[in-house]
Amino acid sequence: MAITKAPERWYLALLGFAEHFRTSSPPKIRLCVHCLQAVFQFKPPQRIEARTHLQLGSVLYHHTKNSELARNHLEKAWYISQQVPQFEDVKFEAASILSELFCQQNLVDSAKPLLRKAIQISQQTPYWHCRLLFQLAQLHTLEKDLVSACDLLGVGAEYARVVGSEYTRALFLLSKGMLLLMERKLAEVHPLLTLCGTIVENWQGNPIQKESLRVFFLVLQVTHYLDAGQVKSVKPCLKQLQQCIQTISTLHDDEILPSNPADLFHWLPKEHMCVLVYLVTVMHSMQAGYLEKAQKYTDKALMQLEKLKMLDCSPILSTFQVILLEHIIMCRLVTGHKATALQEISQVCQLCQQSPRLFTNHAAQLHTLLGLYCISVNCMDNAEAQFTTALRLTTHQELWTYIVTNLASVYIREGNRHQELYSLLERINPDHNFPVSSHCLRAAAFYIRGLLSFFQGRYNEAKRFLRETLKMSNAEDLNRLTACSLVLLGHIFYVLGNHRESNNMVVPAMQLASKIPDMSVQLWSSALLKDLNKALGNTMDAHEAAQMHQNFSQQLLQDHIAACSLPEHNLISWTDGPPPVQIQAQNGPTTSLASLL
């Protein structure tokens, strides 16, 4: 009896030492590995041998760069554990970590069959079966094979239903809904979200899990509306989402484990959900033209991200950070803070340098932002080059349409690009076959048509297009488009000599632009007000408008000079490959919030 127990004692002692070294501060990984390797000296039974290989593989994978040795141990753990009955945890954890390691080494074709085999033999172990299905679906998603990922999530949802886990069924279905939204399969999204809504409302379980399902569901609904450019229609959903996240922050995490092992999943940690809700609020404020509100929520979200990134290196946090910066950069360009926008574009470049996957997913957006910056500093050739690069890099229909709309505005300003302009406008014709279902982008396409007609002196046609923009932008509270359309209509009426009608357009345009605040529309409106009041004989008002125009001009000119003198301004000539490393501000923000405060 003593002889059979001896290896167990040795094992427990060595395991205790290994864990002590692993959890030391700082961790003593070398000593931890030595202790675990010593277990093999005692010729342990298969169960201990397999578990030790798993522990070694896991420690080496998570704490060292020795991926070959980690792989060797994990492969042994996977192989031996399959020969041991009732050894599910070791077997499937080995498969899960080993496939992660394969993906890290770009050996996706080794990871897939491994996960498929593990899924096939884990059907009697609900937790691992669901976890491995999620993992394989994620792998397909990263490979942009959304059809296979959706199929797997559908299999997972059906399996969860059979084993009586409505919570995990909802997680699978919501994940599938997210991918269908990414694929723009809207006809399939609607019934799926309706089903999810019913499951979430009917599920009676852990309050935090229930609320987190509700947050997932509402985030999908809100992003669906925002993708469709329906800024006004989304408000009730967004309000529900904000209330939901407040409820979650007041709930305490219950330590009681669910009775169904298939329920042992979390969508996102509470803190990550908070940042996500800030993020969709910023997206809404940006589209609606509430730019000060967008800035306020971005500041809050970035401060929370800074704190989280000190404790958590989850890649999703960097993704959140990049998307927030992309939105705030657009705000800065509108509000006349080009120098700050440029420093933040550089910050996005730095984040993308640290993660090739982040760069692959955001390269088109990065070049689009540089294109918008180039327009703001009147470098039209560079703007064209940036937008052309962005078009080459994107397969996302909404982004493609947004870029084409901005490129068309560049060609209109250049005035001599008729051939290219007409071929672009054919592809974003708002009157028929518009490429996307976005209300906001279709309204913007009408505005671009109106702008072109104005420059060509076809004023009646311009008025028709701009009235269409106004009708659409008023329907969904698209404040920036409303302000731009009003001031352009005011300009048309001024040119036609209809001063009273012009005044009726320019005054509300100025009020709306001040509320946003949109610097270029304020500059344009104040110039028109100056000329209008002069023509109407209102000397005092004309003088006041002239003073305003002077102030806006000065502000914009100073900001223009500051931006163009920054070293990051050289980014405007980058159109190929990864972001250039050498262009860094000597005193600009890196990951600090200096530029936001």
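For the structure, see preceding data.
Only a predicted model underlies this, so the values are computations on that prediction, with no experimental measurement involved.

Asker: Sorry, what's going on with the overall build of the protein here?
Answerer: Within the protein, the secondary structure is distributed over 26 helices and zero strands. Dimensions of the protein along its principal axes, counting C-alpha atoms only, are 110 × 50 × 45 Å. Looking at the protein residue by residue over its 597 residues, the buried ones come to 52%. As displayed, the protein has an accessible area near 28000 Å², and 54% of this comes from carbon and sulfur atoms.

Asker: Any chance you could explain the environment of Y494 here in plain terms?
Answerer: Take Y494: it is sitting in helix α23 (residues 479–495). Taking the C-alpha atoms as reference points, Y494 and N416, separated by 78 residues in sequence, lie 25 Å from one another. Leaving out residues up to four positions away in the same chain, Y494 has contacts with H499, S502, L528, D531 and L532.

Asker: I tried to follow the packing of helix α19 (residues 397–414) against helix α21 (residues 439–455) on my own but got confused; where do I start?
Answerer: How two helices sit against one another is set out by the angle between their axes and by the gap between those axes. Running from N to C, α19 and α21 cross one another at 10°; their axes reach a closest spacing of 10 Å. Relative to α21, α19 is oriented roughly parallel. Along its contact with α19, which presents E398, T401, Y402, T405, A408, S409 and I412, the element α21 presents L441, A444, I448, L451, L452 and F455. In terms of residue class, the contact of α19 with α21 is made up of nine nonpolar, three polar and one charged.

Asker: What exactly am I supposed to notice about the nonpolar core here?
Answerer: Generally speaking, soluble globular proteins have nonpolar side chains that are buried together. Core analysis: the largest hydrophobic core is formed by 201 residues, its most contacted members being V215 and L241. Dropping the residues within four chain positions of it, L241 is found in contact with V215, L218, V219, V222, V277 and V280.

Asker: Would you mind going over the environment of T388 with me for this structure?
Answerer: Along the chain, T388 falls in helix α18 (residues 380–393). What makes T388 partly exposed here is its relative accessible area of 41%. Note: C-alpha distance between T388 and E68 (320 residues apart in sequence) is 42 Å.

Asker: Explain the pattern of salt bridges here, please?
Answerer: Where charged atoms from two side chains of opposite charge come close, those side chains can pair. Evaluation of the coordinates by the stated rule reveals 21 salt bridges. Notably, a salt bridge pairs E211 with R214, separated by 2.6 Å at the nearest N-O pair. Placement of both E211 and R214 in helix α11 (residues 207–227) is noted, with a separation of three residues, approximately one turn of the helix. No difference in accessibility class separates E211 from R214, as the two residues are buried. E468 serves as the salt-bridge partner of K471, at 3.3 Å between the closest nitrogen and oxygen. Residue K471 and its partner E468 are located together in helix α22 (residues 459–475), separated by three residues, close to a single helical turn. On the basis of relative accessibility, which here comes to 55%, the residue K471 falls in the exposed class. Three or more residues are tied together by salt bridges with common partners; here these are E384, E414, R417 and E420.

Cut-off values and rules
- Residues numbered from 1 in each chain as written.
- Predicted model: local features only at pLDDT ≥ 70, side-chain atom pairs only at ≥ 80, totals over all residues.
- Heavy atoms only, no water.
- Helix = DSSP H or I, 4+ residues; strand = E, 2+ residues; numbered from the N terminus.
- Buried < 20%, exposed > 50% of the residue type's maximum accessible area, 1.4 Å probe, protein only.
- Areas by Shrake-Rupley, 256 points an atom, 1.4 Å probe, with all protein chains shown as cover.
- Contact = heavy atoms within 4.5 Å.
- Axes fitted to C-alpha atoms, helices over the stretch in contact; angles between N-to-C directions.
- Parallel < 35°, antiparallel > 145°, perpendicular 65-115°, else oblique.
- Nonpolar A, V, L, I, M, F, W, Y, C, P; charged D, E, K, R; others polar.
- Core = buried A, V, L, I, M, F, W, Y, C linked by side-chain atoms within 4.5 Å.
- Salt bridge = Lys/Arg side-chain N within 4 Å of Asp/Glu carboxyl O.

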